[in-house]
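# Fold and geometry: a report
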Amino acid sequence: MMNRVPNWIDGRPQPAARGCEMPVVDPATGEQVAMLAASGAEDVAEAQTAAGRAFPAWSARRAPERAELLERLAGLVERDLDRLARLESVDSGKPLALARSVDIPRAAANLRFFAEAVRAWKPDEELRTANSQSLVLRRPAGVAGCISPWNLPLYLFTWKIAPALAAGCTVVAKPSEETPMTAAALGELSAEAGFPAGVLNVVQGRGADAGAAIVADPGIPVITFTGGTATGARIMQVAGPMFKRVALELGGKNPTVVFGDADFDAAVAGAVRAGFQNQGQICLCGSRVLVERGTYARFRDAFVERVRALRVGDPMEAGTDQGSLVSQAHRAKVAAAVERARAEGGRVLCGGGPPEPASLPARVRGGAFWMPTVVEGLPMGCATNQEEIFGPVVTVAPFDGEDEAVALANHSRYGLAANVWTRDHARGLRMAERLDFGIVWINAWLLRDLRVPFGGTKQSGVGREGGDEALRFFTEPKAVTW
Ligand code: NAD
């Protein structure tokens, strides 16, 4: 483990300019594992200066050269899989097995994907009319600010920095202060991979200090943010009048829609995974399970049985399905949400509180655990079904027919992702057409092709990540006509 987690600025580790630090806590044990640089505007300014200095040479490199460095970095992430997975698990409380099989491999995959994508990408276009000829030139937009959340730390961090670096931007990035360690490790690995100093800078610290300073820095014209909707709104208020280019990936309250004709076992397994992977702390989690009435009772019972069987325990132990929530503060929010569900008249079918201490190994009895919770009997308009909980809490409700399924699913101010379970593919496509979400899965959840646009409608965000959309985002077009 690291004892101190510094910034990574201009190719070297640096403490916060003012020397401020904050503790990093393993939420599964409650123990402090490191001290984190608690950076502010001075550190961001230094990182911006380094990134600005590195920009001309980096943006002038040919795409295949940038791609090669990204691939080398991916190789180092794969080499250090065990170490990085451990850091991720200790930082976030997620099962080590999940970090090993999903978070870290996908982080490497992001780096490899954008390396390949930029090799194949033709940023410039040539257009003709009868009396004109044009060139559309796309050039790297400058220093990019990349701000990411705690739930999939390295995975979402690389999902931003990989396209930015591939497209030729230099980067000032800030991971969440809850989960800083893998981003710090990536900064070091970038030097080993051969990235020149200043190309990737990692500024650590609180959102209100380091994050806000990135958004407000006039030398950072591009901001990509993943996090909560309220934070996204604050970022817009600052970046809007500065006319920055902003992409926001925000919250979700996603429906899992199960029709009577679905493959029953696959739908139950899919709904459990969608509801509870990473303790329900994934923006894409299906937290409102809607089931066609004829199948409802059977589905609910099977679903609850499967949820009860999830093993809550030490994230370091193989066989643990559910680790700790990210912090005690977050657990308190989840507890309040479950209290509210009860007050709204919801029936708690399983979970509903923390595990019995005796059911946990002694090492993790001080952890921020919560039993996977299923609630029934709530109308779609109530707060439990409208507010993002971002924890292991799922509601179940019946519907009659496609029209009602669409109405209930779309009854949300969010529009990130929906998943639909049916054997009738035409129905799946019909539903996809009518569901007001940026992402719709049919008989699947979190099935990713990194080329497709990723992002949400309504209060789930602005803009799309993934594939060429992401590369375009980090470039500025210029029209040249003669
Ligand atoms: P958050 O908004 O609290 O923080 C996200 C990041 O923003 C952190 O790095 C934080 O330090 C920083 N930040 C906080 N205040 C800031 C400010 N004023 N200016 C600049 N930066 C600031 O979110 P979180 O609690 O870390 O993550 C959970 C949220 O993220 C959930 O709402 C979840 O749905 C959302 N999320 C969305 C996606 C997506 O792709 N749509 C993916 C993962 C998580």
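Residues numbered from 1 in each chain as written. Predicted model: local features only at pLDDT ≥ 70, side-chain atom pairs only at ≥ 80, totals over all residues. Heavy atoms only, no water.

## Re the layout of surface pockets
Within this model, the second largest pocket holds a volume of roughly 320 Å³. What lines the second largest pocket is a set of 17 residues, among which Val272, Arg273, Gln277, Leu310 and Asp321 lie closest to the centre. Elements represented by at least two residues in the lining of the second largest pocket include exactly α4 (96–120) and α9 (264–276). Here the lining of the second largest pocket gets four residues from one element, more than from any other, and that element is α9. Grouping the constituent residues of the lining of the second largest pocket by class yields eight nonpolar, six polar and three charged. Counting contributing residues per domain, the lining of the second largest pocket is built from domain 1 (4–250 + 460–481) and domain 2 (254–449), each supplying no fewer than three. (1 Å grid on protein atoms, 1.4 Å probe; cavity = no way out; pocket = protein on both sides within 12 Å on 5 of 7 lines; lining within 4 Å. Points joined across faces, edges and corners; volume = space filled by probe spheres on them. Helix = DSSP H or I, 4+ residues; strand = E, 2+ residues; numbered from the N terminus. Nonpolar A, V, L, I, M, F, W, Y, C, P; charged D, E, K, R; others polar. Domains from an automatic or database assignment.)

## Brief notes about the sheet that holds strand β13 (residues 254–258)
Consider a sheet: its strands pair through backbone hydrogen bonds, and that pairing is either parallel or antiparallel. Read from one edge of the open sheet, seven strands run β15-β16-β17-β14-β13-β19-β20, paired in mixed fashion. Strand pairing shows two members of the sheet lacking a second neighbour, β15 (347–350) and β20 (439–442), which therefore form its edges. Taken pair by pair, the neighbouring strands of this sheet meet at an average axis angle of 25 degrees, ignoring direction. Pairing geometry for strand β19 (residues 417–421) and β20, over four bridges, is parallel. Residue Asn419 lies in a different strand from β20, and its bridge partner there is Trp441. Its contacts with the sheet place helix α10 (residues 293–308) against β13, β14 (286–292), β15, β16 (373–376) and β17 (393–399), and it is angled at close to 145 degrees to β14. Contacts from helix α13 (residues 401–410) reach β13, β14 and β17 within the one sheet, and its direction differs from that of β14 by about 165 degrees. (Pairing = 2+ DSSP bridges. Axes fitted to C-alpha atoms, helices over the stretch in contact; angles between N-to-C directions. Contact = heavy atoms within 4.5 Å.)

## Quick notes on empty space enclosed by the protein
Once rolled over the atoms, a probe with the size of a water molecule shows which space is left empty. This structure, assessed with the given rule, holds six cavities of 30 Å³ or more. For the largest cavity, the calculated volume is near 90 Å³. For the largest cavity, the full set of lining residues is Asn110, Leu152, Tyr155, Leu156, Trp159, Cys283, Leu284, Leu446, Arg448, Leu450 and Phe454. Of the residues forming the lining of the largest cavity, the biggest block, three residues, is contributed by helix α5 (residues 153–167). Here the lining of the largest cavity is composed, by residue class, of nine nonpolar, one polar and one charged. Volume-wise, the second largest cavity comes out at about 80 Å³.

## What about the pairing of strand β11 (residues 222–226)?
For β11, the tally of buried residues reaches five of five residues, placing the bulk of the element in the interior. Burial along β11 is two-sided: Val222, Thr224 and Thr226 facing one way and Ile223 and Phe225 facing the other are all buried. In terms of strand pairing, strand β8 (residues 143–147) meets β11 through four bridges, oriented parallel. Residue pairing in the sheet places Ile147 in a bridge with Phe225 of β11. For the crossover from β11 across helix α8 (residues 229–239) to strand β12 (residues 245–249), the handedness is right-handed. (Buried < 20%, exposed > 50% of the residue type's maximum accessible area, 1.4 Å probe, protein only. Right-handed = clockwise from strand over helix to strand, strands pointing away.)

## Some remarks on the site of the ligand
Lining the immediate environment of the ligand, one finds 29 residues, of which Ser148, Glu177, Thr231, Leu250 and Glu388 sit closest. Residue Gly227 places a main-chain N or O atom 3.3 Å away from an oxygen atom belonging to the ligand. Its free accessible area being 840 Å², the ligand has 88% of it covered by the protein chains. Of all elements in the fold, only α7 (207–216), β11 and α8 reach the threshold of two or more residues within the shell around the ligand. Each residue belonging to the shell around the ligand can be placed in one class, and the counts come to 14 nonpolar, 10 polar and five charged. Looking at the shell around the ligand, you find at least three residues from each of domain 1 (4–250 + 460–481) and domain 2 (254–449). (Near = heavy atom within 4 Å. Polar contact = N/O pair within 3.5 Å; in protein donor to acceptor, adjacent residues only side chain to side chain. Areas by Shrake-Rupley, 256 points an atom, 1.4 Å probe, with all protein chains shown as cover.)

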